[in-house]
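Commentary on secondary and tertiary structure
For reference, the chains in residue letters:
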Amino acid sequence: MEPVTLTTARLLLRPLQPSDVDAVLAACQDPEIPRWTSVPSPYTREHAADFVERISPEGWRDDTLYNFGVFTRESGALVSSMGLVRLAQLPAPERQAELGYWTVKEQRGRGYTAEAGRAVCDWAFSALGVERMEWYAEAGNVGSRAVALRIGFVLEGTMRAKIVQNGTRRDTWRAALLPSDWGRESATAYLPYERPEPNGAKQPEQPGQPSA
């Protein structure tokens, strides 16, 4: 896919460029980023250059990773790296994608990441035909979860031993965003499961609700 550029009221989302290597390198010195993501630690300039100059452009070309650098429109400062990852299920009939991101320490708490996330999800729904957007984070990553909830994701539960971090299996939070959560239609009809009540009535299954 040819890379695209998105804009919001405060942000510019564009493919990373070689001139962004130093900003990515500086951002990933924050220990919280490798703690909660797959970013290497220690993070070297070689890591940053490989991500900016090889991994990101190859992702667009090979349809495996659609990554954006998120920058403020006012000053051009790097805010975040955000994209659609693990795109094997993007083609029909699955039409699913996963949103991933990290945010520069100095830019947190301003609503930037949620603003960018809404723009990426909007693009995914409208331009790519995504019918289910997923989000995963290691259980305990309350910052990432707060962003996902602000975007509109609905928590669906905890997956046991889903990821391996530093040689240890860890639990993972899972959430999803559907076009219908934003009042939109999908090309594929959606029939939610309805739980039977003791009196015979039925009610829609609630995300994350345990089985009886």
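None of these values were measured; they are calculated from a predicted model.

What counts and how
- Residues numbered from 1 in each chain as written.
- Predicted model: local features only at pLDDT ≥ 70, side-chain atom pairs only at ≥ 80, totals over all residues.
- Heavy atoms only, no water.
- Salt bridge = Lys/Arg side-chain N within 4 Å of Asp/Glu carboxyl O.
- Helix = DSSP H or I, 4+ residues; strand = E, 2+ residues; numbered from the N terminus.
- Buried < 20%, exposed > 50% of the residue type's maximum accessible area, 1.4 Å probe, protein only.
- Axes fitted to C-alpha atoms, helices over the stretch in contact; angles between N-to-C directions.
- Parallel < 35°, antiparallel > 145°, perpendicular 65-115°, else oblique.
- Left-handed = near helix turned anticlockwise from the far one by under 90°.
- Contact = heavy atoms within 4.5 Å.
- Nonpolar A, V, L, I, M, F, W, Y, C, P; charged D, E, K, R; others polar.
- Core = buried A, V, L, I, M, F, W, Y, C linked by side-chain atoms within 4.5 Å.
- Pairing = 2+ DSSP bridges.
- Right-handed = clockwise from strand over helix to strand, strands pointing away.

Let's talk about the pattern of salt bridges
- Applying the stated rule across the entire model yields 14 salt bridges.
- Residues Arg86 and Glu98 are paired through a salt bridge, measuring 2.8 Å at the closest nitrogen-oxygen approach. Within this pair, whereas Arg86 is found in the loop between strand S4 (78–85) and strand S5 (96–103), its partner Glu98 is found in strand S5, the two being separated by twelve residues in sequence.
- Classification of Glu98 as buried rests on a relative accessible area of 9%.

So, the packing of helix H4 (residues 112–127) against helix H5 (residues 142–151)
- Where H4 meets H5, the axes come as close as 9 Å, and the angle between the chain directions of the two elements is 50°. By the angle between their directions, the pair H4 and H5 is classed as oblique. Between H4 and H5 the crossing geometry is right-handed. Between H4, through Thr113, Ala114, Gly117, Arg118 and Cys121, and H5, the contact on the second element is made entirely by Val147, Arg150 and Ile151.
- Taken together, the residues of the contact of H4 with H5 sort by class into four nonpolar, two polar and two charged.

Considering the nonpolar core
- Counting 35 residues, the largest nonpolar core has Leu84, Leu99, Met133 and Phe153 as its most contacted members.
- Listed by contribution, the elements that provide at least two residues to this core are strand S2 (11–14), strand S3 (66–72), S4, S5, H4, strand S6 (132–138), H5 and strand S8 (168–177).
- By residue number, the principal contributor to this core is H4, which donates eight residues.
- Filtering out sequence-adjacent residues up to four positions away, Leu84 remains in contact with Thr64, Leu65, Tyr66, Ala97, Glu98, Leu99, Val120, Trp123, Ala124, Leu128 and Met133.
- Membership of the second largest hydrophobic core comes to 17 residues, among which are Cys28, Ile33, Phe51 and Trp102.

Notes on unusual backbone geometry
- Pro42 follows Ser41 through a cis peptide bond whose omega is 0°.
- As for its placement among the helices and strands, Pro42 is situated in the loop between helix H2 (32–36) and helix H3 (45–62).
- In this model, Ala92 is joined to Pro93 through a cis peptide bond whose omega is 5°.
- Looking at where Pro93 falls in the secondary structure, it is placed in the loop between S4 and S5.
- The phi angle at Asp63 is positive, at roughly 60°, despite the residue not being glycine.
- Residue placement: Asp63 occurs in the loop between H3 and S3.

Here's the deal with the pairing of S5
- Among the eight residues in S5, seven count as buried, and that is most of the element.
- Note that S4 and S5 share six bridges and pair antiparallel. Bridged to Val85 within S5 is Glu98.
- As defined by bridge partners, S5 adjoins S6 across three bridges and the pair is classed as parallel. Pairing of Ala97 across the sheet is with Met133, part of S6.
- Between the parallel pair S5 and S6, the chain is carried across by H4, and the sense of this crossover is right-handed.

Structural measurements only, silent on function.
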